[in-house]
Each structure stands twice: as C-alpha cells, then as structure tokens.
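# Examining the three-dimensional arrangement
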Amino acid sequence: GNSVTQMEGPVTLSEEAFLTINCTYTATGYPSLFWYVQYPGEGLQLLLKATKADDKGSNKGFEATYRKETTSFHLEKGSVQVSDSAVYFCALRGTGGFKTIFGAGTRLFVKA
Amino acid sequence: NAGVTQTPKFQVLKTGQSMTLQCAQDMNHNSMYWYRQDPGMGLRLIYYSASEGTTDKGEVPNGYNVSRLNKREFSLRLESAAPSQTSVYFCASSAETGVDNEQFFGPGTRLTVL
C-alpha cells in the first residue's frame, strides 16, 4: 500500500541556517504530494503541494520538488527563522481515493 | 469564514463514559475526515465521509462511530471510552474537485481518558 517516510526529528538549527527535511514515498501511479505544517497548539495547515512529476511547490520561502525517479519530495528553505519552529508533515494522496497518508512528522526548532 | 471548527477543545472522561466530538465546516466542502494524533505516529485516519450521506472506515475505526449530519457537520462518537483513546483528535475537510484535494484542519480536541 501507499506509505510516506520522513526523517526523524527533532531538527535543531540556528536562525538563517539552511533547512532540508527528507521525505520519500511508496505509491502506485502518480500521487499528489504535500507538506503540511503544525504550529504549537494548532491544527495542520497546508504549506505546499505538487500534483505531478517535476512540479515544484513553494510557499513562504519553502520549496519541494516532486521527484518520481527517486520517489522523494524533500522540503527545503534557504534561511530559517525562529517563527518556522513547528512540526512538518509530508503527505501523499493516491489517485482515485479519498485517503491522505501522513508521515510521522518532523519537529523543527530554530534558535535565535 | 471560520473554516473548520471543533468542539470541545479539551475533554476529560472516565473509562466507560461516552461523548461526541463535533465538527463543522463552512467552505462547502464535499469530504470530511476524523484523525487522531499520537506522539511519534503522525495522523491516523479514523473515519471519513467522501460526500454527504456516506461514511467509511479508515485505519483505526474500532471504538468509534461517526455521523455525517449534513454537508457541513461530521461528528465522532466514543460509545465507551478507553484509556487507549487518549489522544488529540482533528477534523478535516476537502473540496475534492479535480486537483483541489488538500485538506483543511480544525484546531483539534485534546481528549484524556482516565
């Protein structure tokens, strides 16, 4: 079945550091891929998405590219801020279904 | 628009008690979902409703029931709460129109079962 694997956290960075959170997936066909972010005490909110191979999703300085050849959707940001401290979830939505599969989440701490 | 709202925000139950978690969305979305979030396990789907009038089991349905009351509302019921159901519960909705399949989440209900 479909699955998502993302790097374990927590990840601790200093402000202005480069961020990469790895995400790989297993799925048949051409799923849609997502990154969601959860700030403390809140629900998840969509950060970015990509619906086909080689698409790049981007939002708020974050980017991720849908790589079918490596089945990956790694999240990157060139310069993190303290306000980026949150839990980040990689997710997959298979074709023809209503279920979104979420990774376990990666907690990011950014120090001033 | 309020988006997705959930009540209550916090709840403490004793083992064996029952309760209903309420969820409503004002985005005219077709599909609605209930998840639970446990440390280190991401989100697990309990039940979902692809459209008004339909409900289906997700990954972890045991001990729960749901009702899609109308297009706006989707409730989750625990008939006889158990400590294993201590968790944070999230309701979500999505439009399900072509590629508009991202989910919008409520703020969550933190449930403790003693």
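As shown above, the structure is provided for reference.
Residues numbered from 1 in each chain as written. Chains lettered and ligands numbered in written order. Predicted model: local features only at pLDDT ≥ 70, side-chain atom pairs only at ≥ 80, totals over all residues. Heavy atoms only, no water.

## Here's the deal with the pattern of salt bridges
Quick note on the threshold: What counts as a salt bridge is simple: a side-chain nitrogen of Lys or Arg found within 4 Å of a carboxyl oxygen of Asp or Glu. Relative accessibility decides the category of a residue: with a 1.4 Å probe and only protein chains considered, values under 20% of the type maximum give buried, values over 50% give exposed, and everything between is partly exposed.
For the structure shown, the criterion picks out seven salt bridges over all chains. The residue Asp-55 of chain A makes a salt bridge to Lys-52 of chain A at a minimum N-O spacing of 3.4 Å. For Asp-38 of chain B, the salt bridge is made with Arg-44 of chain B, and the minimal N-O distance between the two is 2.8 Å. The same class applies to Asp-38 of chain B and to Arg-44 of chain B, which are both buried.

## A look at unusual backbone geometry
The test is simple: Starting at the N terminus, helices and strands are each numbered in turn, a helix being any DSSP run of H or I of at least four residues and a strand any DSSP run of E of at least two.
Between Gly-9 of chain A and the following residue, Pro-10 of chain A, the backbone shows a cis peptide bond with an omega angle of 0°. For the bond from Thr-7 of chain B to Pro-8 of chain B, the omega torsion is -5°, close enough to zero to count as cis. Position of Pro-8 of chain B among the secondary structure elements: in the loop between strand 1 (4-7) and strand 2 (10-13). Located in the positive-phi region is Thr-71 of chain A, a residue other than glycine, with phi close to 45°. In this structure, Thr-71 of chain A sits in the loop between strand 8 (62-65) and strand 9 (75-77). Residue class for Thr-71 of chain A comes out partly exposed when judged on its relative accessible area of 30%.

## Brief notes about the interface of chain A and chain B
The cut-off we apply is this: The contact definition used throughout considers only heavy atoms, calling two residues in contact when any of these lie within 4.5 Å. A simple way to read buried area is as the amount of 1.4 Å-probe accessible surface that goes missing from two parts once joined, with both sides added. Polar contact is the term for a pair of N or O atoms within 3.5 Å; when the atoms are in protein, one must be able to donate a hydrogen and the other to accept it, and sequence-neighboring residues count only if both atoms are side-chain atoms. Three categories are distinguished: nonpolar for Ala, Val, Leu, Ile, Met, Phe, Trp, Tyr, Cys and Pro, charged for Asp, Glu, Lys and Arg, and polar for the others, with Gly belonging to the last.
Each partner contributes residues to the interface: chain A has 19 residues there, and chain B has 22 residues. Summed over both sides, the interface of chain A with chain B buries roughly 1,600 Å², with 56% coming from carbon and sulfur. Where chain A touches chain B, the interface holds one salt bridge. For Glu-102 of chain B, the salt bridge is made with Lys-49 of chain A, and the minimal N-O distance between the two is 2.8 Å. Our count for the chain A to chain B interface comes out at five residue pairs in polar contact (both at pLDDT 80 or more). Secondary structure elements with two or more residues in the side of chain A that touches chain B: strand 5 (32-38), strand 6 (44-50), strand 10 (86-93) and strand 11 (100-102) of chain A. Looking at which element gives the most residues to the side of chain A that touches chain B, the answer is strand 5 of chain A, with four residues. Tallied by class, residues from the side of chain A that touches chain B come to eight nonpolar, seven polar and four charged.

So far we have only geometry, and geometry alone does not tell us how the molecule works.
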